[in-house]
Amino acid sequence: MDPYVAALAAGFLVALACSASLVQVMPRLPASWPLGGLRSAPGRGAQVGGFAVLAAFAAAPFIAAALSDKAAEYFNPKRAEFLGYLGAVSLVFATGVVDDWRAIRPWQKLAGQLVAGSAVFAAGYRFEAIGFPWGGALDLGLLALPATLLWVVFFTNAMNLIDGKDGVATGVSVFAAAAIAAVAADTGHPAVALLCVALAGAGLGFLPLNLPSAPLILGDAGAQAFGFVLATLSIRGATGIEESVFVAVPVLALGFPVLDTLLAATRRVLEGRKPWSGDTDHIHHRLEQLELGPRGVLVALYTLSALFAAAALGTHYADSLLAEAAIFLALAVLVALVLGKLGYLVSMWRSRRLAGVRRRLAGE
């Protein structure tokens, strides 16, 4: 086996084993123990999923480096940086834990995410220039920090928003992490690729106990940690040799949370509500109305996530602008068909904010 592939495989398998072991052990800890106090609502089992995934993700690169010389070559120079990075991830996770337990205010969650985002920005996970498919780049200059924070906050919360049904956020994150790992490996970021496969392995080790009806859940803490890690690693993984970030690739890899979040904000505005107001009209809710059943909803969402991941990889490996345009067009048609099938196009057209447009088109 190629040493590079072997190193990534080691990171993936170690994370998988750690996560699968932790989700078996932690629910059995006495409630008087620190980790035994991680409990969820009655009937939902121990809320340890997020902690197990984060712990496995944190431990995997260290263990993989001890087992594989190639993994050590990639990870050891980044060891100190990774410890600082874990501090930022832990802040996001801790904010989510507090929110799980006592429902803190949105601005308090945002404050924690901004502090964590500023920390990873200082560590080099940042937008300094945005690369375009047709060549060239846009230097962000003073906008680098706000652009990075907007990216991090968006994806951290987008992943939390799709975590409305068992298995959704975990499975979607695994697909996205795998795609970003492949891109990072190809663009000369082996340490990022190692961390991405570790995240995928950690999620996959937890997933069997997160499927409907799930005995274990991620909670806001786990979903936000997933989103934060994917947001930050995708910046580094999609950075080219000229330090330009090709945002199309991570946006496609994380396409489902992007689609669901932007769709939710758009339809709420069209209905005359605040874009951040909650509701039960996300994509997974509409899929439930098709009577697919819990597992059928997951299959549909995983298929959509796999297609987004494939589009991200296709865009990365495409050797011409025409090929990239064809991928985007095919994906746009697919998304339009999905939104039409789920009734979003009709319901948004009939929304209150578009009433004037409908009247003008009707000649009234």
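What counts and what doesn't
Residues numbered from 1 in each chain as written. Predicted model: local features only at pLDDT ≥ 70, side-chain atom pairs only at ≥ 80, totals over all residues. Heavy atoms only, no water. Helix = DSSP H or I, 4+ residues; strand = E, 2+ residues; numbered from the N terminus. Rg over C-alpha atoms; globule rule 2.2 N^0.38 Å. Buried < 20%, exposed > 50% of the residue type's maximum accessible area, 1.4 Å probe, protein only. Contact = heavy atoms within 4.5 Å. Areas by Shrake-Rupley, 256 points an atom, 1.4 Å probe, with all protein chains shown as cover. Lys, Arg positive; Asp, Glu negative; His and termini not counted. Charge placed at Lys NZ, Arg CZ, Asp CG, Glu CD. Phe/Tyr/Trp six-rings, centres within 6.5 Å; stacked < 30°, edge-to-face > 60°. Lys NZ or Arg CZ within 6 Å of the ring centre and 35° of its normal. pLDDT = per-residue confidence, 0-100. Polar contact = N/O pair within 3.5 Å; in protein donor to acceptor, adjacent residues only side chain to side chain. Core = buried A, V, L, I, M, F, W, Y, C linked by side-chain atoms within 4.5 Å.

1. Observations concerning the overall build of the chain
Step number 1: Counting its regular elements, the chain contains 16 helices and two strands.
Step number 2: Taking 364 residues into account, the globule formula puts the C-alpha radius of gyration at 21 Å, and the chain, at 21 Å, falls close to it.
Step number 3: For the chain, with 364 residues in total, the buried portion stands at 49%.
Step number 4: The long-range fraction of contacts in the chain, counting pairs at least 24 apart against all pairs at least 6 apart in sequence, stands at 72%.
Step number 5: Approximately 16,400 Å² of the chain is accessible, and the part contributed by carbon and sulfur atoms is 67%.
Step number 6: When the 25 basic and 23 acidic side-chain charges of the chain are each reduced to a single mean position, those positions are 12 Å apart.

2. What about the packing of aromatic side chains?
Step number 1: For the coordinates displayed, the defined rule picks out 11 aromatic pairs.
Step number 2: Residues Phe51 and Phe93 carry aromatic rings whose centres are separated by 6.3 Å and whose planes lie at 55° to one another, so their mutual orientation is tilted. Here Phe51, found in helix H2 (residues 49-67), pairs with Phe93, found in helix H4 (residues 79-102); they are 42 residues apart in sequence, far enough to count as distant.
Step number 3: Through successive ring pairs, a cluster of aromatic residues spans Phe57, Phe62, Phe75, Phe82, Tyr85 and Tyr125.
Step number 4: The cationic tip of Arg286 hangs over the ring face of Tyr344; the distance from NZ or CZ to the ring centre is 4.0 Å.

3. Thoughts on the confidence of the model for the chain
Step number 1: For the chain, mean pLDDT is 88; residues scoring 70 or higher make up 92% of the total.
Step number 2: When mean pLDDT is compared element by element in the chain, helix H8 (residues 190-206) scores highest at 96, while strand S2 (residues 137-139) scores lowest at 81.
Step number 3: For the stretch residues 40-46, pLDDT sits under 50, and the model shows 15 contacts to residues farther than four places along the chain or on other chains.

4. A word on the side chain of Asn210
Step number 1: You can see Asn210 is positioned in the loop between H8 and helix H9 (219-237).
Step number 2: Exposure remark for Asn210: the relative accessible area of 3% places this residue in the buried category.
Step number 3: A polar contact of 2.9 Å, which involves the side chain of Asn210, links it to the side chain of Thr170.
Step number 4: Dropping the residues within four chain positions of it, Asn210 is found in contact with Asp166, Gly167, Thr170, Leu216, Ile217 and Leu218.

5. Observations regarding the nonpolar core
Within soluble globular proteins, side chains that are nonpolar tend to cluster in buried spots.
Step number 1: Residues Phe57, Tyr85, Phe228, Leu230, Leu233, Phe256 and Ile283 are the most contacted members of the largest nonpolar core, which totals 98 residues.
Step number 2: Setting aside anything within four residues of it in sequence, one finds Phe256 in contact with Ile162, Val168, Val172, Ile283, Leu301, Leu304, Ser305 and Phe308.
Step number 3: One finds Ala7, Ala10, Ala71 and Tyr74 within the second-largest nonpolar core, a separate group that totals five residues.

6. With respect to the environment of Ala355
Step number 1: With respect to the helices and strands, the residue Ala355 is situated in helix H16 (residues 355-361).
Step number 2: Separated by 85 residues in sequence, Ala355 and Leu270 place their C-alpha atoms 9.8 Å apart.

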